[in-house]
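Summary of structural features
Residues per chain are reported as follows:
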Amino acid sequence: MVVKQKISDIFHPMIKDGGLLFIVLATLLVTISMVSTYTLRTQFGPWYKALLLGIPFAFAWVVVAWSITDKSVLRRPYPYIGIFLALFIEKIYWALFYTLYPISYRDSFGAIEDALTVGNTNFAIPSAEWLNLLDSASYLFIIVEFIVAIVLFGTLWYLARPKDFTKLNIKRIGLVVIGAILMTVPLWIWKAIAYFGGLRFFEFFITNWELIYWYNFLFHGIPIAIAMVIFAYVITNIKSRAKYFLYVVILVSVLIPHIPIYDYMFWVRSSSTVTVFSYFFVFAVMYFVMFLSLLLLSKTKYIEQ
């Protein structure tokens with residue numbers, strides 16, 4: 001484990017070579033993306049507002065990719081462009097969907113009206129045609145999410161450990177695929193619940209109302225946290241026992257924003273300014289810790305030299 005007297009030895013070279021600056025920049029970009037999600041609800045459009053969500057988030061991971069790259073000779077534009085495009089498309093996916101297919105309602109007389117022109121939709125329900133489109137888009141998004149995770153994890157693996165690509169590494173390929181599948185768990189598990197046990201599932205949570213706050217933690221936070229630890233293992237270059245400590249740090253940094261009480265603050269629009277600021281501060285700190293841990297795991301010069 002990294003001891004206190006070695007902290008300065010770690011951060012000094014990181015400051016000197018600009019690694020710490022890259023991590024700070026990536027953290028700021030991710031925070032900007034999250035703030036736009038809260039203030040503008042950018043994930044649901046219109047598409048031009050979604051740019052405030054997609055561009056900073058995608059570019060943040062490009063910065064992380066640049067910082068963990070093993071050798072400068074690998075810093076060609078294509079891997080970074082691939083990461084940016086994959087994450088950008090993922091982040092604006094639903095904004096594009098709602099722009100191309102605005103929600104339509106079927107009124108009490110059976111007529112379909114566009115949501116932008118309908119007057120009172122309090123007693124209207126989305127039309128069957130639009131719901132079918134939404135269902136198809138949901139399934140497609142699971143595939144998109146999986147491909148994006150493969151692109152992100154695979155490209156960062158290549159940049160951090162290029163020697164692994166001189167021969168077929170079945171073990172790490174399998175781990176990348178498992179990590180990508182775990183990233184899609186929050187999407188397909190909701191579909192599975194809806195189709196195979198939706199009524200019983202919701203009856204259970206209605207009966208045990210206090211447990212509903214743990215849904216996001218159990219089915220979103222835990223799978224993604226495990227996926228990030230697997231990914232961290234794939235790009236690890238250090239051999240000291242400090243790597244196990246950093247794995248735990250990454251696990252905790254991903255889980256904390258999904259703790260029920262903390263996560264609930266984000267979605268309550270009536271939250272005070274102090275509460276909202278505290279949320280984003282903790283969010284930024286957790287991303288900083290995760291990005292920093294990934295950098296330390298991928299670079300031997302900070303801990304082992």
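These lines cover the structure that appears in this document, whether it is placed above or below. In this text, all values refer to a predicted model and were calculated from it rather than measured experimentally. (Residues numbered from 1 in each chain as written. Predicted model: local features only at pLDDT ≥ 70, side-chain atom pairs only at ≥ 80, totals over all residues. Heavy atoms only, no water.)

This part covers the nonpolar core. With 82 residues, the main nonpolar core has Trp61, Leu156, Met228, Met290, Phe291 and Leu294 as its most contacted residues. Dropping the residues within four chain positions of it, Trp61 is found in contact with Ile83, Leu87, Leu152, Leu156, Met228, Met290, Phe291 and Leu294. (Core = buried A, V, L, I, M, F, W, Y, C linked by side-chain atoms within 4.5 Å. Buried < 20%, exposed > 50% of the residue type's maximum accessible area, 1.4 Å probe, protein only. Contact = heavy atoms within 4.5 Å.)

Here we come to the packing of helix H3 (residues 47-68) against helix H4 (residues 77-100). Two elements in contact, H3 and H4, have axes whose closest approach is 8 Å; the angle formed by their N-to-C orientations is 160°. The angle between H3 and H4 places the two elements in the roughly antiparallel class. Crossing of H3 against H4: the hand is right-handed. Broken down by class, the residue content of the contact of H3 with H4 amounts to 20 nonpolar, two polar and one charged. (Axes fitted to C-alpha atoms, helices over the stretch in contact; angles between N-to-C directions. Helix = DSSP H or I, 4+ residues; strand = E, 2+ residues; numbered from the N terminus. Parallel < 35°, antiparallel > 145°, perpendicular 65-115°, else oblique. Left-handed = near helix turned anticlockwise from the far one by under 90°. Nonpolar A, V, L, I, M, F, W, Y, C, P; charged D, E, K, R; others polar.)

Looking at where Asn237 falls in the secondary structure, it is placed in the loop between helix H8 (215-234) and helix H9 (242-255). For Asn237, a relative accessible area of 18% puts it in the buried group. A polar contact is formed between the side chain of Asn237 and the backbone oxygen of Ser298, at a distance of 2.8 Å. (Polar contact = N/O pair within 3.5 Å; in protein donor to acceptor, adjacent residues only side chain to side chain.)

This paragraph deals with H4. Taking the largest bend as the criterion, H4 deviates by roughly 45°, centred on Tyr93. For H4, every residue scored as buried is listed here: Pro79, Tyr80, Ile83, Ala86, Leu87, Phe88, Glu90, Ile92, Tyr93, Trp94, Ala95 and Phe97. Where H4 is buried, its residues touch H3 and helix H5 (128-160). (Bend = angle between axes of the 7 residues up to and from the residue.)

This part takes up the pattern of salt bridges. Inspection of the entire model under this criterion finds three salt bridges. Asp17 serves as the salt-bridge partner of Lys301, at 2.8 Å between the closest nitrogen and oxygen. Placement of Lys301 in helix H12 (residues 300-303) and of Asp17 in the loop between helix H1 (7-16) and helix H2 (19-40) is noted, with a sequence separation of 284 residues between them. Judged by its relative accessible area of 35%, Lys301 falls in the partly exposed class. A relative accessible area of 34% places Asp17 in the partly exposed class. Arg161 serves as the salt-bridge partner of Asp164, at 2.6 Å between the closest nitrogen and oxygen. It is possible to trace a salt-bridge network through shared partners that takes in Arg161, Asp164 and Arg172. (Salt bridge = Lys/Arg side-chain N within 4 Å of Asp/Glu carboxyl O.)

Function cannot be read off these values alone, since they describe shape.
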